[in-house]
Amino acid sequence: MFRASLIAVTALPAAVIVFYAGVFSTSFNSNMCYSSAMHELQRRAQAVAASKDPAAMEKYAKLMQALPLHGYETSCDEIKAMLARN
């Protein structure tokens, strides 16, 4: 009985630590993905604005309108894939 209680008491904190380590890792990767995607959008916007080319501005505006944005459910990988295609 004591042995089972001891195992349960030591396993529970370990499980909690592993769970939160996974949550942090996923959150960190998501934040890095979004930072990278936003940086690329910013870089392209600055390049288009500097070119003062109306056709390039229209193309970039269409790209911005076509981005798969769904609020909190937005997939950063989908945005990065779309940027890679355009």
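The present account deals with the structure reproduced in this document. Computed from a prediction, not measured in an experiment: that's the story for all the values here. (Residues numbered from 1 in each chain as written. Predicted model: local features only at pLDDT ≥ 70, side-chain atom pairs only at ≥ 80, totals over all residues. Heavy atoms only, no water.)

Observations regarding the pattern of salt bridges
Between side chains of opposite charge, a pair can form as their charged atoms come close. Going by this rule: The working definition used for a salt bridge is a side-chain nitrogen of Lys or Arg within 4 Å of a carboxyl oxygen of Asp or Glu. We count a stretch as a helix when DSSP gives it H or I for four or more residues in a row; a strand needs E for two or more, and each element gets its number in order from the N terminus.
Summed over the entire model, instances satisfying the criterion amount to 3 salt bridges. When the shortest N-O distance is used, the salt bridge between Arg 43 and Glu 40 registers 2.7 Å. Linking Arg 43 with Glu 40, this pair stays in helix H1 (residues 2-51), spanning 3 residues, or about one helical turn. Connected through shared salt-bridge partners, Glu 40, Arg 43 and Arg 44 make up one network.

Concerning the state of the cysteines
In plain terms, the rule: A pair of cysteine sulfur atoms is labelled a disulfide when the two atoms are within 2.5 Å. Classification of residues uses two cut-offs on accessible area relative to the type maximum, computed with a 1.4 Å probe and protein chains only: under 20% is buried, over 50% is exposed, and between them is partly exposed.
All chains considered together, the criterion is met by 1 disulfide. For Cys 33, the disulfide goes to Cys 76, at an S-S distance of 2.0 Å. Its S-S torsion of approximately -100° makes the covalent link between Cys 33 and Cys 76 left-handed. Pair noted here: Cys 33 is in helix H1 and Cys 76 is in helix H3 (residues 76-85), with a separation of 43 residues, a long-range link. Exposure class is identical for Cys 33 and Cys 76. Each is buried.

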